[in-house]
Amino acid sequence: MDNSFFVFDVNTNGKVENLDVLPKVKNSEMFIDDMQFAIKRVKKKWKPAIKDGIPVISKKIIKINFTSDHFDHGD
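About the criteria used
- Residues numbered from 1 in each chain as written.
- Predicted model: local features only at pLDDT ≥ 70, side-chain atom pairs only at ≥ 80, totals over all residues.
- Heavy atoms only, no water.
- pLDDT = per-residue confidence, 0-100.
- Helix = DSSP H or I, 4+ residues; strand = E, 2+ residues; numbered from the N terminus.
- Buried < 20%, exposed > 50% of the residue type's maximum accessible area, 1.4 Å probe, protein only.
- Patch = residues over 30% accessible without salt bridge, like charges linked within 9 Å, V, L, I, M, F, W, Y side chains within 5 Å.
- Areas by Shrake-Rupley, 256 points an atom, 1.4 Å probe, with all protein chains shown as cover.
- Salt bridge = Lys/Arg side-chain N within 4 Å of Asp/Glu carboxyl O.
- Core = buried A, V, L, I, M, F, W, Y, C linked by side-chain atoms within 4.5 Å.
- Contact = heavy atoms within 4.5 Å.

### What about the confidence of the model for the chain?
On average, residues of the chain score 79 in pLDDT, and 80% of them are at 70 or above. Per-element averaging of pLDDT across the chain places helix α1 (residues 29-42) at the bottom with 76 and strand β4 (residues 54-56) at the top with 97.

This is the structure we're talking about:
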């Protein structure tokens, strides 16, 4: 199982910006585009962070686990 993280900003209007996936993976642009679409579909509008009563940009980090169908038979 590999751990990765979605890192993105939620702007003052509750929109997702600057989505990235860490650690960096070679040729990951298409995957990042797909994840940008998925995050927007799952939650179209996020609640922006509030500081002193005013909406501010905040960074979100979501841990994701990738598993594969491969397993070791012990051969």
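### Looking at unusual backbone geometry
Note on backbone geometry: most residues besides glycine have negative phi, and most peptide bonds are trans. Cis geometry is found at the peptide bond from L22 to P23, where omega equals -5°. Even without glycine at this site, N18 takes up a positive phi of about 55°. Along the chain, the position of N18 falls in strand β2 (residues 16-22). Within the chain, D52 stands out as a residue other than glycine whose phi angle is a positive 55°. Considering the arrangement of structural elements, one finds D52 in the loop between β3 (49-51) and β4. Its relative accessible area of 73% is what places D52 among the exposed residues.

### Considering a nonpolar patch on the surface
On the surface, F5, L22 and I61 cluster together into a nonpolar patch covering about 260 Å² of accessible area. Residue position: F5 is located in strand β1 (residues 2-10).

### Thoughts on the nonpolar core
Grouped together as the largest cluster of nonpolar side chains are 11 residues: F6, F8, V10, V16, L19, V21, I32, M35, I39, W46 and I64. Secondary structure elements with two or more residues in this core: β1, β2 and α1. Look past the residues within four positions of F6 in its chain and what remains in contact with it is L19, D20, V21, F31, M35, I39, K60, I61, I62 and I64.

### Observations regarding the pattern of salt bridges
Two side chains that carry opposite charge are able to pair once their charged atoms sit near each other. Within the structure shown, the criterion is met by 1 salt bridge. Put simply, K59 and D9 hold a salt bridge, and the shortest N to O gap is 2.9 Å. Of this pair, K59 sits in strand β5 (residues 58-66) while D9 is found in strand β1, placing the two residues 50 residues apart along the sequence.

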